[in-house]
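A look at the structure
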Amino acid sequence: MYAGISNYDAAQTEAALAVLREHRVPCLIHQARYSMFDRRPEPALLPLLGEEGVGLIAFSPLEQGILTDKYLQGIPPNSRAARTTGHLQQEAVTPEVIDKVHRLNEVAVNWGQTLAEMAIAWLLKDERVTSVLVGASSVAQLQDNLNALDHTTFYPDELEIIEDILNS
């Protein structure tokens, strides 16, 4: 028997892993929200998972569609941000966010990728990230997501360009 856990911070994860060890149940995976725009797992959770040999499976890797080309020209009428309910609210799609998305998209296009491909590949560059959960609503979106596997290695200068945009 194996276990997986979801949405625990580092302290909660450490406690859960201790309980699982007591019962001799290996924990294989931790599911956490993680993307270029939501980096909460980085400071404590990812190092802990690496030490414990537990993989991370990232959900919402495209930040509810923000890290795609969908919002480059504003909020489309049938998009998540256009709805009055849900995780992505219109007020989250700020000019500052869209500016970063435009700049990231420009980088991705210059590297021969879509923004979605680059955003997923950026997660998969970390060996502690064993998979990402994608929510493709079409075969084309699924193919775009799968194309991320063609470029999961980034050079230090490429990562620096991305970090400069994300931290601006």
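Let me sum up the structure you'll find in this document. For clarity, every value in this text was computed on a predicted model and none was experimentally measured.

1. What about the environment of Val139?
Relative to the elements of secondary structure, Val139 occurs in helix H5 (residues 139-146). Along the primary structure Val139 and Glu52 are separated by 87 residues, whereas in three dimensions their C-alpha atoms are 36 Å apart.

2. Focus: a nonpolar patch on the surface
Taken together, the side chains of Val134, Leu142, Leu146 and Leu149 make up a nonpolar region of the molecular surface, amounting to roughly 340 Å² of accessible area. As for its placement among the helices and strands, Leu146 is situated in helix H5. Assessed through its relative accessible area of 43%, Leu146 is described here as partly exposed.

3. A word on the pairing of strand E2 (residues 27-33)
Bridge analysis of strand E1 (residues 3-6) against E2 gives four bridges, and the strand direction is parallel. Paired with Gly4 across the bridge in E2 is Ile29. The parallel pair E1 and E2, bridged by helix H1 (residues 10-22), forms a crossover whose chirality is right-handed. Bridging between E2 and strand E3 (residues 55-59) involves five bridges; their strand directions are parallel. Bridge assignment links Arg33 to a residue of E3, and that residue is Phe59. Between E2 and its parallel partner E3, the chain crosses via helix H2 (residues 45-52), and the hand of that crossover is right-handed.

4. Regarding unusual backbone geometry
One non-glycine residue with positive phi stands out, namely Arg24, at about 55°. Position of Arg24 among the secondary structure elements: in the loop between H1 and E2. Located in the positive-phi region is Ser60, a residue other than glycine, with phi close to 60°. Note that Ser60 resides in the loop between E3 and helix H3 (95-110).

5. So, the packing of aromatic side chains
Under the defined criterion, the tally for this structure stands at two aromatic pairs. Between Tyr34 and Trp122, the aromatic rings sit 6.0 Å apart at their centres with planes inclined by 55°, giving tilted as the arrangement. Here Tyr34 is found in the loop between E2 and H2, whereas its partner Trp122 is found in helix H4 (residues 115-124), with 88 residues between them in sequence. Like Trp122, Tyr34 is buried.

6. What about the nonpolar core?
Within the largest apolar cluster, 43 residues are counted, with the highest numbers of intra-cluster contacts made by Tyr34, Met36, Leu56, Leu104, Met118 and Ile162. It is H4 that provides the largest number of residues to this core, a total of nine residues. Leaving out residues up to four positions away in the same chain, Leu56 has contacts with Ile29, His30, Ala32, Tyr34, Pro41, Leu45, Leu46, Leu49, Arg128, Val129, Thr130 and Ser131.

Each value, and the rule that gives it
Residues numbered from 1 in each chain as written. Predicted model: local features only at pLDDT ≥ 70, side-chain atom pairs only at ≥ 80, totals over all residues. Heavy atoms only, no water. Helix = DSSP H or I, 4+ residues; strand = E, 2+ residues; numbered from the N terminus. Patch = residues over 30% accessible without salt bridge, like charges linked within 9 Å, V, L, I, M, F, W, Y side chains within 5 Å. Areas by Shrake-Rupley, 256 points an atom, 1.4 Å probe, with all protein chains shown as cover. Salt bridge = Lys/Arg side-chain N within 4 Å of Asp/Glu carboxyl O. Buried < 20%, exposed > 50% of the residue type's maximum accessible area, 1.4 Å probe, protein only. Pairing = 2+ DSSP bridges. Right-handed = clockwise from strand over helix to strand, strands pointing away. Phe/Tyr/Trp six-rings, centres within 6.5 Å; stacked < 30°, edge-to-face > 60°. Core = buried A, V, L, I, M, F, W, Y, C linked by side-chain atoms within 4.5 Å. Contact = heavy atoms within 4.5 Å.

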